[in-house]
Amino acid sequence: MSAMRRDIGVAALGEARLWLGTPYRHQASLRGVGCDCLGLLRGIWRGLYGAEPEPVPPYAATWAESAAPGTDPLTAAAARHLMPAAGATPGPGDVLLFAFRRHLPAHHCAIATGDGAMIHAHDHAAVTEVALTAWWRRHLTGVFRFPEELVATGGLAPGTRKEGHSHRHRERSEATR
């Protein structure tokens, strides 16, 4: 593991730990006030890079159940902005995606702590660190990593992502938070 990869993972985990205790609030992303699982991920991104990479449209709590057949919006968004880590053991700061039914797209995300645990926002609870149990592992559909660096133009540094993906990170105003 490169020193830079370790550093971004440790930084992402540090950002996640700042959110511990934040109450669950659907569609929110404000540390200490409220967030859902996606809001937690968005807040960590802002802590690492500044503005979010794209606006998030409003979504219902049952959005995954109503996604168009054959689509996986959460995984598609992760693939646009994060680095896939297929087959890797989740390390500190890695983004974990979960599907609660085999026929449905990913519906939940969390941050791996790297020691058999994860940090996540769960309905009717606060952001918390929990064990990455066998139940969670069975529902794991993807592991992604935060990019090692972003360049001043708002994109990823050359060689850190597959070609063909566009990124708009720093251009977004702080108002999009």
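Residues numbered from 1 in each chain as written. Predicted model: local features only at pLDDT ≥ 70, side-chain atom pairs only at ≥ 80, totals over all residues. Heavy atoms only, no water.

Draft legend 1. Molecular detail of the nonpolar core. One finds Ile-44, Val-95, Leu-97 and Phe-146 to be the most contacted residues of the largest nonpolar core, which totals 31 residues. Secondary-structure elements contributing two or more residues to this core are α1 (3-18), α2 (37-49), α3 (73-81), β4 (95-98) and β5 (108-112). Look past the residues within four positions of Ile-44 in its chain and what remains in contact with it is Ala-12, Glu-15, Ala-16, Trp-19, Ile-111 and Phe-146. Ranked by size, the runner-up nonpolar core spans 9 residues in total, among them Ala-85, Ala-112, Leu-132 and Trp-136. (Core = buried A, V, L, I, M, F, W, Y, C linked by side-chain atoms within 4.5 Å. Buried < 20%, exposed > 50% of the residue type's maximum accessible area, 1.4 Å probe, protein only. Helix = DSSP H or I, 4+ residues; strand = E, 2+ residues; numbered from the N terminus. Contact = heavy atoms within 4.5 Å.)

Draft legend 2. Focus on the pairing of β5. With 5 of 5 residues buried, β5 lies mostly within the body of the structure. Alternating positions in β5 separate into two faces, His-108, Ala-110 and Ala-112 on one and Cys-109 and Ile-111 on the other, with burial throughout. The pairing of β4 with β5 spans 4 bridges and is classified as antiparallel. What sits directly across from Val-95, in β5, is Ile-111. (Pairing = 2+ DSSP bridges.)

Draft legend 3. Fine view of the sheet that holds β4. Read across the sheet, 6 strands follow the order β3-β8-β4-β5-β6-β7 without closing on themselves; strand pairing throughout is antiparallel. Edge positions in the open sheet fall to β3 (83-84) and β7 (128-131), since each of these has one partner strand only. Of the pairings in the sheet, the one linking β5 to strand β6 (residues 117-120) comprises 2 bridges and is antiparallel in character. Bridging across to β6, Ile-111 finds its partner in Ile-119. Where α2 meets the sheet, it contacts β4, β5 and β6, and its direction lies at approximately 45 degrees from that of β5. (Axes fitted to C-alpha atoms, helices over the stretch in contact; angles between N-to-C directions.)

Draft legend 4. Quick look at unusual backbone geometry. A positive phi is found at Gln-27, a non-glycine position, where the angle reads about 70 degrees. For Gln-27, the location among the structural elements is in the loop between α1 and β1 (29-30). What makes Gln-27 partly exposed here is its relative accessible area of 33%. Of note, His-124 is a non-glycine position whose phi angle comes to about 65 degrees, a positive value. When you line up the elements, His-124 lands in the loop between β6 and β7.

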